[in-house]
Structure formats: structure tokens, C-alpha cells
Amino acid sequence: MKLVPIYTEIVKDRQNHTIFLDENTRFTYKAYHKEPSQRFYWIGFFSFLFFMREMQQLNLSFSNTVNIGLIIAVIVLGLICGKYFYKKFTYEEIKEIYLTESMIEDYVEEGERVFKLELWIAAICLISFLFLIILFIFTSSFVLLIFSYLALVFFKVYLYRLPKERFRLYKRSNN
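It should be emphasised that the depicted structure is a prediction, and the values quoted were computed from it without experimental measurement.

S.K.: Before we go on, may I ask you to explain helix α4 (residues 142-160) in this structure?
M.R.: Owing to its 3.6 residues per turn, the α-helix brings residues three or four apart onto one side. An ideal rise of 1.5 Å per residue puts 27 Å on 19 residues; α4 measures up with 28 Å between its terminal C-alpha atoms. For α4, the full list of buried residues reads Leu 144, Leu 145, Ile 146, Ser 148, Tyr 149, Ala 151, Leu 152, Val 153, Phe 155, Lys 156 and Val 157.

S.K.: I tried to follow the nonpolar core on my own but got confused; where do I start?
M.R.: In this structure, Ile 6, Val 108, Phe 129 and Leu 169 are the most contacted members of the largest nonpolar core, which totals 27 residues. Broken down by secondary-structure element, the contributors of at least two residues to this core are β1 (3-9), β2 (17-22), α2 (64-89), α3 (101-139), α4 and α5 (164-174). Those residues in contact with Val 108 that sit more than four places away from it in its chain are Ile 6, Leu 169, Tyr 170 and Ser 173. Ranked by size, the runner-up nonpolar core spans six residues in total, among them Tyr 29, Ala 31, Tyr 86 and Tyr 91.

S.K.: So what exactly am I meant to see when it comes to the pattern of salt bridges here?
M.R.: Where charged atoms from two side chains of opposite charge come close, those side chains can pair. According to the stated counting rule, one finds four salt bridges in the structure shown. A salt bridge links Glu 105 to Arg 26; the shortest N-O distance between them is 3.5 Å. Within this pair, whereas Glu 105 is found in helix α3, its partner Arg 26 is found in the loop between β2 and β3 (28-33), the two being separated by 79 residues in sequence. Judged by its relative accessible area of 27%, Arg 26 falls in the partly exposed class. Members of the salt-bridge network, linked through shared partners, are Arg 26, Glu 101 and Glu 105.

What counts, and where the lines are drawn
- Residues numbered from 1 in each chain as written.
- Predicted model: local features only at pLDDT ≥ 70, side-chain atom pairs only at ≥ 80, totals over all residues.
- Heavy atoms only, no water.
- Helix = DSSP H or I, 4+ residues; strand = E, 2+ residues; numbered from the N terminus.
- Expected span 1.5 Å × (residues − 1).
- Buried < 20%, exposed > 50% of the residue type's maximum accessible area, 1.4 Å probe, protein only.
- Core = buried A, V, L, I, M, F, W, Y, C linked by side-chain atoms within 4.5 Å.
- Contact = heavy atoms within 4.5 Å.
- Salt bridge = Lys/Arg side-chain N within 4 Å of Asp/Glu carboxyl O.

Structure representation (C-alpha cells):
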């Protein structure tokens, strides 16, 4: 069963959700987004600040071979972590909902705006990753490598929201 996200509702101070469509069966599903606690944000924020301060004081210079090894490690780790974060932290339980065909078409039309935004965010994350990797190659700054890792993780998370079936679905709806 390949679920395609067709609509995402994002409203401040409410639990957001995404509606999925199984293209083979035309069944629809609703998944509420997980709401991480404020404590999770603050612990992550201060841990990241502390880590970045410590990294700033480090001045490492590596050979080109080690730099390439670090870049490959960042790519592999970023792709694995992106998949893990998407599966672990994005959605709660997915439940089947019953929509008519016209309601599905309406959601597809409304979801196209969010789709374009997600496409732009994914493109910006990929460009940022490539730019930071190139800068790392020239400067060997470990901080740039960390930020390139984060950009790759965000790219991978958004890539999961952009399956090729979703492109075909919006292309069909526009014709």
C-alpha cells in the first residue's frame, strides 16, 4: 500500500493533520501530526548551542581523503537519520476516513499549494547542503559539515513527502 499525501492542514494552536490517498484502492487515510513537547525543543536547542560552541573552538585540518570520508559519512548518516526522523516523529496513528470522489478532488486541489511549498523547501535544503559541502571542502570547517548534515536530514524528510505518485496525481488534476 503506497500512501500519497494529498492535503496537509497546518493551523496554529491546533493539531495538524495530513490526508493520504491510496491510488490503487482510492481509500483515504488521515494522520495527525505528532506534537513534540516544549521540553524537547528547549533541550535540543540548548544542546545544539553547547555543541556548536565547542565545535567552534576546534580547529581541525584534515587531508583530502579524510574530508571525502567525512562527506560520505555525513551523506550516509543524513539519509539514514532523515528516514528515521520522518518515520518516528512525523505522524501518529493513520486512520481510514471515508471521502467521496469529489471531496478527494477538492483536497487534491487545495493540497497543491502546500505541495509547491514543500517542493521549494526541499530544493532549498538540497541547494544549502551542496553549498555547505563545497564550502567545507575549501575551509575544512567542521561547523559547516554539521549544518550540511542538518540540511540533508531536512531534505530527506521533505523528500518522503514528495513521492513521484504525488507529482503524477497533481499533473492529472491539472489536465
